[in-house]
Amino acid sequence: MFNTYIFDLYGTLVDIRTDEESLELWSKMSLLYEYRGANYTPSELRDAFEQSVKNALDEATKKDKSVTNTQVLDSISKATKLEIQIEYVYQELFQNKGVEVTIDVCVQLAEVFRALSTRYVKLYKGAVELLQSLKAKNKKVYLLSNAQAVFTRGELQLLGILPYFDGILLSSEVGYMKPDRRFYQRLLDTYQIDPSTAIMIGNDYRADRMGGANVGLHTCYINSNLSPSEDENRIGEMKADFILKSMDLEKVKQLILR
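Residue indices follow the written sequence of each chain, beginning from 1 at its first position. Since the coordinates come from a predicted model, pLDDT governs what is reported: local features require at least 70, and pairs of side-chain atoms require 80 or more to be given and counted, while whole-chain, interface and lining totals use all residues. Side-chain numbers here rest on the full set of heavy atoms in the structure, without hydrogens or water.

Participant: I tried to follow the environment of Ile86 on my own but got confused; where do I start?
Facilitator: Within the element layout of this structure, Ile86 appears in helix H4 (residues 86–95). Taking the C-alpha atoms as reference points, Ile86 and Ala149, 63 residues apart in sequence, are found 8.9 Å from one another. Any two residues whose heavy atoms approach within 4.5 Å are treated as being in contact. When near neighbours in sequence (up to four residues on either side) are disregarded, Ile86 contacts Phe49, Val53, Gln148, Val150 and Phe151. Under the DSSP-based scheme used, a helix requires at least four consecutive residues in state H or I and a strand at least two consecutive residues in state E, with every element numbered from the N terminus.

Participant: Even after reading the chapter, I still don't get the environment of Phe49, so can you show me in this structure?
Facilitator: Looking at the secondary structure, you find Phe49 in helix H2 (residues 42–65). Each C-alpha atom of the pair Phe49 and Ile86 lies 9.8 Å from the other, and the pair is 37 residues apart in sequence. Dropping the residues within four chain positions of it, Phe49 is found in contact with Trp26, Ile86, Val89, Tyr90 and Leu93.

Participant: I keep staring at the packing of aromatic side chains and nothing clicks. Help me out?
Facilitator: Describing an aromatic ring pair means giving the distance of the ring centres and the angle of the ring planes. Aromatic contacts are taken between Phe, Tyr and Trp rings whose centres are within 6.5 Å, Trp giving its six-membered ring; a plane angle under 30 degrees counts as stacked, one over 60 as edge-to-face, and the others as tilted. Taken as a whole and judged by the stated rule, the model has eleven aromatic pairs. Ring-pair connections join several aromatic residues into one group, and the members of that group are Trp26, Phe49, Tyr90, Phe113 and Phe151. In this arrangement the basic side chain of Lys97 is found over the ring face of Tyr40, its NZ or CZ atom lying 4.6 Å from the centre. Consider the ring centre and the ring normal. A charge sits over the ring if Lys NZ or Arg CZ is within 6 Å of that centre and within 35 degrees of that normal.

Participant: What am I meant to see in the side chain of Ser133 here?
Facilitator: Tracing the chain through its elements places Ser133 in helix H6 (residues 127–136). Polar contact criterion, stated in full: a pair of N or O atoms within 3.5 Å, where within protein one must be able to donate a hydrogen and the other to accept it, and residues adjacent in sequence count only if both atoms are side-chain atoms. Separated by 2.9 Å, the side chain of Ser133 and the backbone oxygen of Glu129 make a polar contact. What Ser133 contacts, discounting residues up to four positions off in sequence, is Lys253 and Leu257.

Participant: I tried to follow the nonpolar core on my own but got confused; where do I start?
Facilitator: Nonpolar side chains tend toward joint burial in soluble globular proteins. Nine residue types can take part in a nonpolar core, namely buried Ala, Val, Leu, Ile, Met, Phe, Trp, Tyr and Cys, and a core is a set of them joined through side-chain atoms within 4.5 Å. Only protein chains enter the accessibility calculation, which uses a 1.4 Å probe. A residue is then buried if its area is under 20% of the maximum for its type, exposed if over 50%, and partly exposed in between. One finds Phe7 and Ile256 to be the most contacted residues of the largest nonpolar core, which totals 35 residues. Sequence-distant contacts of Ile256, defined by excluding residues within four places in its chain, comprise Met1, Phe2, Tyr5, Leu130, Ile199, Ile201, Cys220 and Phe242. In this structure, Ala38, Phe94, Leu109 and Phe151 belong to the second largest nonpolar core, which totals 25 residues.

Participant: Mind showing me how you'd approach the packing of H4 against helix H5 (residues 103–117) here?
Facilitator: Here H4 crosses H5 at 110°, and the two axes come no closer than 8 Å. One element, H4, and the other, H5, form an angle in the roughly perpendicular class. Judged by residue contacts, Glu87, Tyr88, Tyr90, Gln91 and Phe94 of H4 engage Ile103, Cys106, Val107, Leu109, Ala110 and Phe113 from H5. By the convention adopted, Pro, Cys, Tyr, Trp, Phe, Met, Ile, Leu, Val and Ala count as nonpolar, Lys, Arg, Asp and Glu as charged, and the other residues, Gly among them, as polar. Split into classes, the residues belonging to the contact of H4 with H5 amount to nine nonpolar, one polar and one charged. Think of each axis as a best-fit line through the C-alpha atoms, taken over the contacting stretch in the case of a helix, with angles from 0 to 180 degrees between the N-to-C directions. Just so you know how the angles are binned, under 35 degrees is roughly parallel, over 145 roughly antiparallel, 65 to 115 roughly perpendicular, and the rest oblique.

Encoded structure:
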């Protein structure tokens with residue numbers, strides 16, 4: 001039916017629960033900063049982190065608006081959404097205290113942060129079987145996820161699904177997030193995907209269904225435990241090639257491989 005299958009990750013193949021607000025988490029992170037001479041209280045570090053993220057996004061927005069070619073701007077979805085690389089935020093927090101560290105140190109710190117803040121991360125039932133079925137039929141399988149590479153690439157390895165993908169595109173590595181048209185177009189251009197023979201599978205109606213349809217992809221929407229709350233209120237009005245009102249990857253397999 002389709003030659004190419006593009007998956008969202010969190011809420012579609014992977015169930016995850018994190019807590020990034022815990023004072024216990026920030027107490028441990030502040031201790032790690034102190035090890036290298038950057039002294040923060042837990043609450044000070046949390047506030048500085050949130051402000052640095054905001055500043056980085058504001059700076060990215062300024063640079064994005066510097067594009068003056070009207071034709072380029074007109075080709076961009078109104079749902080423009082930018083992304084940053086979180087490891088540089090960790091580095092800035094050191095620099096704000098006059099401490100210089102390499103970006104490799106900050107990547108490792110980001111991985112520690114993710115590990116400490118994760119309550120659980122696991123595959124949904126049927127995820128591996130779905131991916132195996134696609135590969136057995138010689139289908140092309142890609143991952144397009146709004147995610148930080150320093151978090152996600154390790155989790156893909158941990159969960160054992162990395163080998164199933166023919167290509168992976170993560171928002172932090174590109175600078176755009178779904179539903180931004182440019183993020184989708186990068187995937188299509190990089191892997192020479194014909195959208196008329198490809199389907200986007202995801203759990204966020206705006207990011208996955210609307211974003212995918214905006215570049216001509218077929219779409220499959222799954223209402224999962226991680227879907228946006230507003231999706232629940234409009235599921236009866238949704239339009240997609242396939243719509244599942246609850247998480248059922250076996251049903252997804254039956255629909256998209258029939």
